[in-house]
Amino acid sequence: ECVSGCVCPEGLLDDGKGGCVQEKDCPCSHNNQQYSPGEKITVDCNTCTCQKGDWSCTKDVCYGTCMIYGSGHYITFDGKFYDFDGSCEYVATQDFCGDKNSSGSFSIITENVPCGTTGVTCSKAIKIFLGKTELKLENKDYKEIQRDNGDDVKYWNRTVGLYLVIEASNGVMLIWDKKTTVFIKLTPDYKGKVCGLCGNFDDKSNNDFTTRNGLQETNALKFGNSWKQSSMCPDVTEEIKPCDVKPHRKSWAEKECSIIRSEVFKICHSKVDPTPFYEACVHDACSCDSGGDCECFCSAVAAYAQECTKAQACVFWRTPDICPIFCDYYN
């Protein structure tokens, strides 16, 4: 039976744009964008080349990154996004996992304190234990404390733009914006060997809620409570919804945070889902009600911009009116 329509002549293939091409000239698609044969894109730390309609990628093993930002937002090494508001010190990540006597080389602790009056918490200080060295990052500065026991682990620090970067010889890197955002980067050697609020870095996000006792949890609060450093701190029993507590701030928060869903970030929307970042932004803009509300909003938008940059979508979103940065000063 005849079916009306257009088909490509024998030996040619439809290129998806209304044309017919030879197989070797087939385009590739990634994030709803078309790429011609021979074009290259970067995915994480690997380079992919379009060949005959398929991607051919290098197979380098990449650093893992965990991000903690704003009032209690976490993105684990394996990409799980969750919120946890506890006022205490918590293990962000460490390689002291498993049995009590297991040896490890590092531990990173985040000290969370209330920010605003709604009960949400922000990271106030970061402690890094590298062998016998303890580093404390607080009040836009850091100090070193030498302890008696442990190995010598070398580390370097440098300032890059807004960030303080600590890099250690054991493959641990920490990037801190001197406010409430911290990125923890680990080399692939640590895959599956770490534990804490940042998950276990085994490329599977469904088992990231592993408690200190090694149990699988589905509830973020129970999981988070298990990683507190002191049994004196109270457990978190309910998720805080600051926009319900401060409804008069909600419309302002939604209006400000709409920039994440707007045309400004359009080139990023197909690469990084804006929804969890928008919701986190509204949450933070509602909660920071005792000064610093602009800083909370700016950190939340900057977190999305950072993920966009990682996905090769560079967005110029700062303006003289919206979260300006005086680059000359930081340069």
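These figures come from a predicted structure and were not determined experimentally. (Residues numbered from 1 in each chain as written. Predicted model: local features only at pLDDT ≥ 70, side-chain atom pairs only at ≥ 80, totals over all residues. Heavy atoms only, no water.)

Student: Is there a simple way to think about the overall build of the protein chain in this case?
Tutor: Each helix and strand counted, the protein chain has seven helices and 19 strands in total. C-alpha atoms of the protein chain, sized along the principal axes, occupy 80 × 50 × 50 Å. Taking all 331 residues of the protein chain together, 44% fall into the buried category. Of the contacts formed within the protein chain by residues at least 6 apart in sequence, a portion of 47% connects residues at least 24 apart. If you sum the accessible surface of the protein chain, you get close to 18000 Å²; carbon and sulfur atoms cover 49% of it. Computed over 35 positive and 47 negative side-chain charges, the separation of the two mean positions in the protein chain equals 3 Å. (Helix = DSSP H or I, 4+ residues; strand = E, 2+ residues; numbered from the N terminus. Buried < 20%, exposed > 50% of the residue type's maximum accessible area, 1.4 Å probe, protein only. Contact = heavy atoms within 4.5 Å. Areas by Shrake-Rupley, 256 points an atom, 1.4 Å probe, with all protein chains shown as cover. Lys, Arg positive; Asp, Glu negative; His and termini not counted. Charge placed at Lys NZ, Arg CZ, Asp CG, Glu CD.)

Student: Hey, could you run me through the domain arrangement of the protein chain in this one?
Tutor: Where interface size is quoted, it is often the accessible area lost as the parts come together. According to the domain assignment, the protein chain contains domain 1 (13-57), domain 2 (64-226) and domain 3 (242-311). Computed over C-alpha atoms, the centres of domain 1 and domain 3 are 34 Å apart. (Domains from an automatic or database assignment.)

Student: Just to check I follow, could you spell out the packing of aromatic side chains for this structure?
Tutor: Aromatic rings considered in pairs are described by the distance between their centres and by the relative angle of their planes. Using the criterion set out here, one finds 13 aromatic pairs in the structure. Ring centres 5.1 Å apart and planes at 10 degrees place the aromatic pair Tyr74 and Tyr82 in the stacked group. The class of Tyr74 is buried, set by a relative accessible area of 1%. Considering the side-chain rings of Phe277 and Tyr304, the 5.1 Å spacing of their centres and the 45 degrees angle between planes classify their relative orientation as tilted. Here the residue Phe277 occupies a position in helix α5 (residues 275-287), and Tyr304 occupies one in helix α6 (residues 293-310), the gap between them amounting to 27 residues. The two residues Phe277 and Tyr304 agree in class, both being buried. Counting every residue linked through ring pairs, the aromatic cluster contains Tyr69, Phe81, Phe265, Phe277 and Tyr304. A cation over an aromatic ring shows up here: Lys80 above the ring of Phe209, its NZ or CZ 4.7 Å from the ring centre. Note that Arg261 overlies the ring of Tyr278, its terminal NZ or CZ placed 3.9 Å from the centroid. (Phe/Tyr/Trp six-rings, centres within 6.5 Å; stacked < 30°, edge-to-face > 60°. Lys NZ or Arg CZ within 6 Å of the ring centre and 35° of its normal.)

Student: When you look at the state of the cysteines in this model, what are you seeing that I'm missing?
Tutor: A covalent bond bridging the sulfur atoms of two cysteines is what the word disulfide describes. Under the definition given, this model contains 13 disulfides. Here Cys28 engages in a disulfide with Cys50; their sulfurs sit 2.0 Å apart. With the S-S bond torsion at 90 degrees, the cross-link from Cys28 to Cys50 turns out right-handed. Separated by 22 residues along the polypeptide, Cys28 in strand β3 (residues 28-30) and Cys50 in strand β6 (residues 46-51) bring together distant segments of the chain. Judged by its relative accessible area of 2%, Cys50 is buried. Two residues, Cys288 and Cys296, share a disulfide whose sulfurs are 1.8 Å apart. (Disulfide = S-S within 2.5 Å.)

Student: In this structure, what is going on with a nonpolar patch on the surface? I would like to understand it.
Tutor: A cluster of nonpolar side chains, contributed by Phe326, Tyr329 and Tyr330, occupies part of the molecular surface with about 440 Å² of accessible area. With respect to the helices and strands, the residue Tyr330 is situated in helix α7 (residues 327-330). A residue is classified by how much of its surface remains accessible, and Tyr330, at 41% relative accessible area, is partly exposed. (Patch = residues over 30% accessible without salt bridge, like charges linked within 9 Å, V, L, I, M, F, W, Y side chains within 5 Å. Salt bridge = Lys/Arg side-chain N within 4 Å of Asp/Glu carboxyl O.)

Student: Would you mind showing me how to read the pairing of strand β8 (residues 64-69) here?
Tutor: Looking along a regular strand, one sees side chains alternate from face to face of the sheet. Most of β8 is tucked away, with six of its six residues classed as buried. For β8 and strand β19 (residues 182-186), the ladder comprises five bridges, and the chain directions are antiparallel. From the neighbouring strand, Met67 faces β19, where its bridge partner is Phe183. Here β8 runs beside strand β9 (residues 73-75); their pairing, made up of three bridges, is antiparallel. Each residue of the ladder has a partner; that of Tyr69, found in β9, is His73. From the end of β8 to the start of β9, which pair antiparallel, there are three residues, and Gly70 there has a positive phi angle of about 60 degrees. (Pairing = 2+ DSSP bridges.)

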